[in-house]
Structure formats: C-alpha cells, structure tokens
Amino acid sequence: MATLKKARRQHIRTTKNRKNDVDATWTPFRAAEKKYKARYPPLDLTGVLDLTREETTTRVGTSSEGTGIYTLATVPGVFYGYSSTAHSFDTGLVLLPSFVSPQVQHTLVRWALRDHARHPNETNLDAHYVLPPEGLWNAHLASLSTDTQLPLIVPKASECTTGTSTAGPRALTANDAASKTNLLSLQALPKPPPDPSPTVHACTPSELVPKLRWANIGWSYHWGTKQYDFPKGRGHVDARLRDLCRHAVNSVPWEKVFGEGEGSVEGWGDDDWRTWNETYDPDAGIVNFYQTKDTLMAHVDRSEVCATSPLVSISLGNAAIFLIGGLTRDVEPVPILLRSGDVIIMSGPACRRAYHADAHIHPLFHDERIGVPRILDNTLPEHFSYPHEQPCTRTAEHGGDCVTECECKNADLHGATAASAFHPDAAAVMAEAKAWEPYRSYLKNARINVNVRQVFPKGFVPGASDHHDR
Ligand SMILES: O=C(O)CCC(=O)C(=O)O
Ligand SMILES: [Fe+2]
C-alpha cells in the first residue's frame, strides 16, 4: 500500500501544473509510452498482448480477432525438445514465445554478463571508467569472494575534458537511415569518441555493475552519430548466439508472413525473405542491460544497410512491455508482454523501420501492493532462482555451454548422457548454487535483451569500390 500511496502522491505532484490539454498534443505512440510507464494509476494489463495466455495461442491458423495477429506454426525452439508457437503481425513482426529453454537462458545470462560485457566489446562504461582487464563482472565476482578491499575503478576524465555524456541511458539522436547509396557519406561523418564524464567517481566493481547499460556486438556502433563505425573493424559475434538467431530465423515459415494468403504482408522489391535461410547472417547487435525503472524511448533502428533483414531480439530476466508501432509516431503501438525466453523478430520494410520502445521493464508492475493482477505475480521465472540442474557435461567438446542443436550433433545422446551421468554430490550442488548466486541476485532487478542484427547483405564488403551502385 505504501508503494501505491507514494506513486499516487508523485502522480499528483507531477500533473498538478500540467495544462489540461497537454496530452492532446501527444502522438499515439507518446500517449502509449506515458500510459505504460506511469506508476499511477496502477498498470492495466487488459490491452497488453500476452501470448502465453491460452485464448490467444489456441487460435491456430487464424487471425486473433481485431488484432491482426496470426498463428503461424509450432516451431522447434532451443534447446532440443523445446518448442514455441510462432505468431506474426501483419507488419512483419514475428513472435516466438518461450522459444529459448531455461537452460539456454541461464547460459545466455552468464555469457552476457561474464563473457561478453568486457574488452574488446565496448560497453557504455568504457568511455567513462578505466575498466579492469578481466571485465567488470569478473571483478565484481572476485570482490564477492574476498574480504580484502580490491582496487577501485577510477574515472577516465582528466581535468581538461569537458564531459558531455554520462553513464546513463542511451541518448536519442536523429540519424539518417543507412542505405547502400549513402553509405560512403555516412562513413565520412566524423565519429569522435565520447568525452569521459567529469562527474563520475571512483567506485567498486559492485557499485558499477548496475550502471552497465549496453555491450556492443559485432560491428562497432557510434552513438554520437547513430551510425556504425566500420573503419574500427568488425567485432566478434559469438558463434552460439549466431546459431541461435539463425535457428530462429530458419524456423519461421516466412511464406506465411510475406507470401500470399491470410495475414501475409504485401511483398517488397526482391522479396529477399525467400532466401533468408541462406543469406541471413547477423554481424552486429547490442546486449541491453535494464535495471528496475529503466525504459527505452521510442526509436527506429535505421543504421543497418539491410533494411529488411531479420533483427532477432531475445528477452531474459524480468518481463517488459514492448511497444511496437508503425513508420511514424502517429500509429498507435501494440503493447506486448515479453517474458524471459521469448524471441521476437523484426523483419521486412514495415517492421524494421517501425517505431518501438520498452515502456516498462521491471518487477514493480507485478507487485500486488499496486493492485496489478496476479498474472504478473513474479516476472522473474523460478528457474533463475537456482543454477540449472543439468549442466553440459561435455565440457571439452562444447565448452560447457551448448546452445543449439546445430552445434551439438548428438543432442539426444548428449541429453541422456547429461541426465544419467550427472549425479552431483552435495558439495558440487553447493558450489554451483554459490556460483549462480551473483547472477540470481543481479536478475532480481534486471532484464537483459540480446538484440542481434544484420548490417550488410551477405558477401557485401563496406568500402568495396562498387557498393554505392549495387
Ligand atoms: O529491449 C528491447 O526489447 C528492445 C531493444 C531495442 O529496441 C534496441 O536495442 O534497439
Ligand atoms: Fe530498437
């Protein structure tokens, strides 16, 4: 109740001096953002699409009335034996609810925090802090296992820097949509590194972990110009992540989305969806780390030269309300509840250039004290409370973290081996639980989104002499 009262007081304070007609000037997208972001009045989820609710998922082969959403097929998820019911919107958005198994969700969380959010992959913190070479998360883990005070992480700023950016959420900059024809001029734009913030202080790794907002994948992204910085070279795209995304794209019956028939979107140009199973090859992306109260403002992802190629987005941790609109903010967005393990694919010319946002990312909205229905009782799934019981035992072969069937040819055998050979003793169970604890603790107030994109058509080399007229 205290939470509700506080939210109400804050609501009264912030709206008190607001002109009565101010919301009349909001675009439908802005109005939806305001509605789902507000802590008061209590969130009403009745209009939010939740594909795990039975009444939507049982309508196989038909449009869910009035929504323009079509059930496509049951598709194989990851890991083996896991399946999802694929849905599509008539814009080209594909939803794969519960596509990623709990085991693979665990693997991805560990990968995102421990292996990926560190040098050489750029994070939002690199501009402002001298980060430890082993990575922020590993430094945090080390500090948890010792009583000795480890060295503080110091700011990068020196007295002569002015500091224009902070370690906070991403700034929004209007940018030109990338295409093969303007690529050279976009490349020529100066891309200075951001100024280190002069206001940040030395802190412990554990204090800095909640300030982690993003880690770059693949091609380097320049936030100042909102363009890729190709001369910096192409960073690594984790092979397991790439396989997972390919698996998602290859699972979708694209002819039902973009071909002829009920619910299909009108074709475009060369209809490149017909060859995505050969040409889809992600080369960039971002891991977004959200903390309680964080939101992601409405934006369009327009920096990729491939303006139609699938963008695969994987949700982990707490749930979020994702708003997907149209080519302008005047299109009223559809609010979708994204839960851990859900995958969405934005594809085709309408969806790839559609406004979208994350209006609400956080556990507060499931809090009964603010009167929200029990359906969101706990948006952090139970499986994150414990380490996964069946770790991959074939460490030598797979590095311990198998993700897709394609990677593990003997998936069934492997599953059987893991199940029967893994008889952990109490000490091993305790050790696993202890190792998982920092992840569990982090996830309580967090959501991780792994957003994987294809910047260039397969085989296209930036800077090659003919690319402006291809
Ligand atoms: O977190 C999400 O669900 C969306 C992230 C996104 O739109 C982006 O990184 O461009
Ligand atoms: Fe986006």
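For the structure itself, consult the block above.
The rules behind these values
- Residues numbered from 1 in each chain as written.
- Chains lettered and ligands numbered in written order.
- Predicted model: local features only at pLDDT ≥ 70, side-chain atom pairs only at ≥ 80, totals over all residues.
- Heavy atoms only, no water.
- Helix = DSSP H or I, 4+ residues; strand = E, 2+ residues; numbered from the N terminus.
- Buried < 20%, exposed > 50% of the residue type's maximum accessible area, 1.4 Å probe, protein only.
- Contact = heavy atoms within 4.5 Å.
- Near = heavy atom within 4 Å.
- Polar contact = N/O pair within 3.5 Å; in protein donor to acceptor, adjacent residues only side chain to side chain.
- Nonpolar A, V, L, I, M, F, W, Y, C, P; charged D, E, K, R; others polar.
- Donors = N, O, S within 2.8 Å, 3.2 Å for Na, K, Ca; no water.
- Tetrahedral: all angles 85-135°; square planar, octahedral: opposite > 155°, others 65-115°.
- Pairing = 2+ DSSP bridges.
- Salt bridge = Lys/Arg side-chain N within 4 Å of Asp/Glu carboxyl O.

**Considering the overall build of the chain**
Thinking step 1. A tally of helices and strands in the chain yields 14 helices and 15 strands.
Thinking step 2. Taken over 470 residues, the chain has a buried fraction of 49%.
Thinking step 3. Pairs at least 24 residues apart make up 77% of the contacts formed inside the chain by residues separated by at least 6 positions.

**Focus on the site of ligand 1**
Thinking step 1. Around ligand 1, 13 residues are found, and the nearest of them are N288, Y290, H356, D358 and R453.
Thinking step 2. Taking D301, its side chain carries an N or O atom lying 3.2 Å from an oxygen atom of ligand 1.
Thinking step 3. Here an oxygen atom of ligand 1 and a side-chain polar atom of N449 are 3.4 Å apart.
Thinking step 4. Per-element accounting of the shell around ligand 1 gives the leading share, four residues, to strand β15 (residues 446–453).
Thinking step 5. Split into classes, the residues belonging to the shell around ligand 1 amount to three nonpolar, five polar and five charged.

**Concerning the coordination of the iron ion (ligand 2)**
Thinking step 1. Surrounding the iron ion (ligand 2) are the protein donor atoms H299 (NE2), D301 (OD), D301 (OD) and H356 (NE2), at 2.1 to 2.6 Å.
Thinking step 2. Each of the six donor atoms bound to the iron ion (ligand 2) contributes to angles spanning 51 to 166 degrees, and the resulting shape is irregular.
Thinking step 3. Spacing between the donor residues of the iron ion (ligand 2) along the chain follows H-x1-D-x54-H. With respect to class, H299 is no different from D301; both count as buried.

**Here's the deal with the environment of R352**
Thinking step 1. Inspection of the secondary structure assignment puts R352 in helix α11 (residues 348–352).
Thinking step 2. In the structure, R352 is positioned 261 residues away from T91 in sequence and 9.2 Å away in space, judged by C-alpha atoms.

**Quick look at the pairing of strand β4 (residues 93–96)**
Thinking step 1. Every second residue of β4 is oriented toward a common face, with L93 and L95 on one face and V94 and L96 on the other, all of them buried.
Thinking step 2. As paired elements, strand β3 (residues 83–89) and β4 share two bridges and run antiparallel to each other. Across the sheet, residue S88 finds its bridge partner in β4, namely V94.
Thinking step 3. Connecting β3 to the next strand, β4, in antiparallel fashion are three residues, including G92 with a positive phi near 115 degrees.

**So, the environment of L144**
Thinking step 1. Among the structural elements, L144 can be located in helix α5 (residues 136–144).
Thinking step 2. In the structure, L144 is positioned 294 residues away from P438 in sequence and 8.6 Å away in space, judged by C-alpha atoms.

**Description of the pattern of salt bridges**
Thinking step 1. In total, this model carries twelve salt bridges according to the counting rule given.
Thinking step 2. Bridged by salt links that share partners, the residues E304, R352 and R453 form one connected network.

Honestly, that's just the spatial picture; any functional story needs more than this.
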